[in-house]
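# Structure at a glance
Okay, here's what each chain looks like letter by letter:
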Amino acid sequence: MKIKCLLVDDEPLAIKLIENHISKIDALEVVAKCNNALKAFEILNTQEIDLMFLISKCQT
Amino acid sequence: MGVLARILIVHVGETLVRVPPFRQETIFEILIEWKKLLLHYIPAIYSVTLIFLFIKYVVDYNRIREKDLTLDKEKAEGELKTLKAQLNPHFLFNTLNNIYTLSLVNSPKTPVSIGKLSEILDHILYKCNGKFVLLSSEIKLLEDYIDLEKLRYDERLQVSFKTNIETDAEIPPLILLSLVENAFKHGAGEDSGSPQIDISITNKNSLFTFEASNTISKHYQGGNKEAIGLANIKKQLDLIYQDQYSLNIDRNKNIFTVTLHINQNSI
């Protein structure tokens, strides 16, 4: 059973970077990604997320 | 003083040059003739002193003015250095991070991006040491900068960059870059909607025009920082162009526009 991850960042390259790092860890898997907090909230409400990678400066 | 001078002239000077016979006043006579002393000898002596004082004053004044001018110049150079220093840390950090990611995912953009960053640093470090740089060279800088900034954002960000250069011109270095940086920082960096940035540069009939406009997010709160940045630029332009330029900042509901006009005939 892998840990389901959500990635939130407004910079696409940063998402790619975290994705790349996560892919190297077997216990983690990326199930969703988005570029703002509102979308993140929506995703949190519709699917099961265990772990969220959230950039602190991300806008709404 | 006056008494001493008169005694010397009457008893030493006149005996040497004047053909005798002539009447010589005694020291006592000289001492009591205070009117003659006051009206003839004292002004004669002090006028020389005054002339020298005046010359010294003029020389000192010129020296101080020269010093002021050098100070002004040094200040302008110092401000230019600040402009240069402002770019480096943030932009360099972001861009290196972006390039790191590009290389990690084996993106074909990696070498191009490194090349552009290198070109930017070359321009800033080695070509911006004079008072002016070629407009064409600054435009190349802006293009590289915009391309690197675009790496950070996805298709949400719309950037247009138009140039219409009739003849190449000389402009103060890095001023345009600061304005473009501002547009990105406040336009794209703080807006997650669909920000748009439009930049245009024209140089026609000796009139140079730069215009940068960016959309601003609803939640944007203008800080003092940008005001300081713009004030610095204004100071620079004041020193170089006096009243031969205009820098207009316009902010309506959701678009922020900076327009710079320079009359190239002025230099």
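For the structure, see preceding data.
Parameters and conventions
- Here, residues in each chain are numbered from 1, in the same order as that chain's written sequence.
- Chain A is the first chain written and ligand 1 is the first ligand written, with later ones labelled in order.
- Confidence filtering applies because this is a predicted model: local features only for residues at pLDDT of at least 70, side-chain atom pairs given and counted only at 80 or more, and all residues used for totals across whole chains, interfaces and linings.
- Computation of side-chain values covers all heavy atoms of the structure but excludes hydrogens and water.
- The criterion used for residue contact is that any of the two residues' heavy atoms lie within 4.5 Å.
- By salt bridge we mean one thing: a side-chain nitrogen of Lys or Arg within 4 Å of a carboxyl oxygen of Asp or Glu.
- Within 3.5 Å is the distance limit for a polar contact, defined as a pair of N or O atoms, with the added protein rule that one can donate a hydrogen and the other accept it, and that residues adjacent in sequence qualify only through two side-chain atoms.
- When residue character is reported, Ala, Val, Leu, Ile, Met, Phe, Trp, Tyr, Cys and Pro are called nonpolar, Asp, Glu, Lys and Arg charged, and the others, Gly included, polar.
- Counting from the N terminus, the helices are DSSP H or I runs at least four residues long and the strands are E runs at least two residues long.
- Helix span, as expected, comes to 1.5 Å for every residue beyond the first.
- Buried means the residue's accessible area, taken with a 1.4 Å probe over protein chains only, is under 20% of the maximum for its type, while exposed means over 50%, and partly exposed covers the values in between.
- Fitted lines through C-alpha atoms give the axes, limited to the stretch in contact for helices. The angle between two N-to-C directions lies from 0 to 180 degrees.
- When an angle is under 35 degrees it counts as roughly parallel; over 145 it counts as roughly antiparallel; between 65 and 115 it counts as roughly perpendicular; any other value is oblique.
- What makes a crossing left-handed is the near helix being turned counterclockwise from the far one by less than a right angle; a clockwise turn instead makes it right-handed.
- Should DSSP find at least two bridges between two strands, the strands are taken to pair.
- Here the term cavity refers to a set of points on a 1 Å grid, laid over the protein atoms alone, in which a 1.4 Å probe fits but cannot get out; the term pocket refers to an open set having protein on both sides within 12 Å along at least five of seven lines, with lining residues being those that place an atom within 4 Å of a point.
- Grid points are joined across faces, edges and corners, and a volume is the space filled by probe spheres set on the points.

A few words now on the interface of chain A and chain B. With twelve residues of chain A in contact, the opposing surface of chain B contributes 14 residues. With a shortest N-O distance of 2.5 Å, Arg152 of chain B and Glu11 of chain A are connected by a salt bridge. Applying the counting criterion to the chain A and chain B interface returns two residue pairs in polar contact (both at pLDDT 80 or more). Split into classes, the residues belonging to the side of chain A that touches chain B amount to three nonpolar, six polar and three charged.

Quick look at helix H6 (residues 175-188) of chain B now. If you check H6 of chain B, its first and last C-alpha atoms are 20 Å apart, about what 14 residues at 1.5 Å a residue would give, namely 20 Å. With 13 of 14 residues buried, H6 of chain B is to be regarded as a mostly interior element.

Residues and elements named next belong to chain B. The contact between helix H5 (residues 135-150) and H6 brings their axes to 10 Å, and the two run at 20°. For the element pair H5 / H6, the angle class is roughly parallel. Where H5 crosses over H6, the two elements pack in a sense that is right-handed. Note on element contacts: H6 touches H5 through Ile175, Leu176, Leu177, Val180, Glu181 and Phe184, opposite Leu135, Glu138, Leu141, Leu142, Tyr145, Ile146 and Glu149. Of the residues belonging to the contact of H5 with H6, the class tally is ten nonpolar, no polar and three charged.

Residues and elements named next belong to chain A. Taken in spatial order, the three strands of this open sheet run S2-S1-S3, and their pairing is parallel. Of all strands in the sheet, those bounded by a partner on one side alone are strand S2 (28-34) and strand S3 (51-54). Averaged over neighbouring strand pairs, the angle between their axes works out to 25° when direction is ignored. Taken together, the four bridges between strand S1 (residues 3-8) and S3 define a ladder with parallel strand orientation. When the sheet's bridge partners are listed, Leu6 is paired in S3 with Met52. Packed on one face of the sheet, helix H1 (residues 12-23) meets S1, S2 and S3 and runs near 165° to S2.

This paragraph deals with empty space enclosed by the protein. All names here are of chain B. With the rule as written, the count across this model stands at one cavity of 30 Å³ or more. Considering only enclosed or pocket space, the largest cavity measures out at about 30 Å³ in volume. Taken together, Ile171, Pro172, Ile175, Leu176, Leu237, Leu260 and Ile262 form the lining of the largest cavity. Looking at the lining of the largest cavity, the elements with two or more residues in it are H6 and strand S7 (255-263).

Turning next to the side chain of Thr259 of chain B. Note that Thr259 of chain B resides in strand S7. Not counting residues up to four positions away in its chain, the partners in contact with Thr259 of chain B are Thr209, Phe210, Glu211, Ser246, Leu247 and Asn248 of chain B.

Working definition: the strands of a sheet are paired by backbone hydrogen bonds and lie parallel or antiparallel to each other. All names here are of chain B. Strands sit in the order S2-S4-S5-S7-S6 across an open sheet of five strands; the sheet is mixed. Bordering the open sheet on either side are strand S2 (158-165) and strand S6 (245-251), each of which pairs with just one other strand. Here the average twist between neighbouring strands, direction ignored, is 5°. Strand direction decides the pairing type here: S6 and S7, joined by seven bridges, are antiparallel. Directly across from Tyr245, in S7, lies its bridge partner Ile262. Running at roughly 170° to S2, H5 makes contact with S2, strand S4 (196-204) and strand S5 (207-215) of the sheet. Packed onto the sheet, H6 meets S2, S4, S5 and S7 and runs at close to 15° relative to S5.

Summed over all chains, the structure comprises nine salt bridges over all chains. Between Asp147 of chain B and Lys116 of chain B there is a salt bridge; the shortest N-O distance is 2.7 Å. Remark: Lys116 of chain B occurs in helix H4 (residues 109-127) and Asp147 of chain B occurs in helix H5; sequence separation between them is 31 residues. For Lys116 of chain B, a relative accessible area of 21% translates into the label partly exposed. For Lys127 of chain B, the salt bridge goes to Asp122 of chain B, with nearest N and O atoms at 3.0 Å. A relative accessible area of 45% places Lys127 of chain B in the partly exposed class. Connected through shared salt-bridge partners, Glu11 of chain A together with Glu149 and Arg152 of chain B make up one network.

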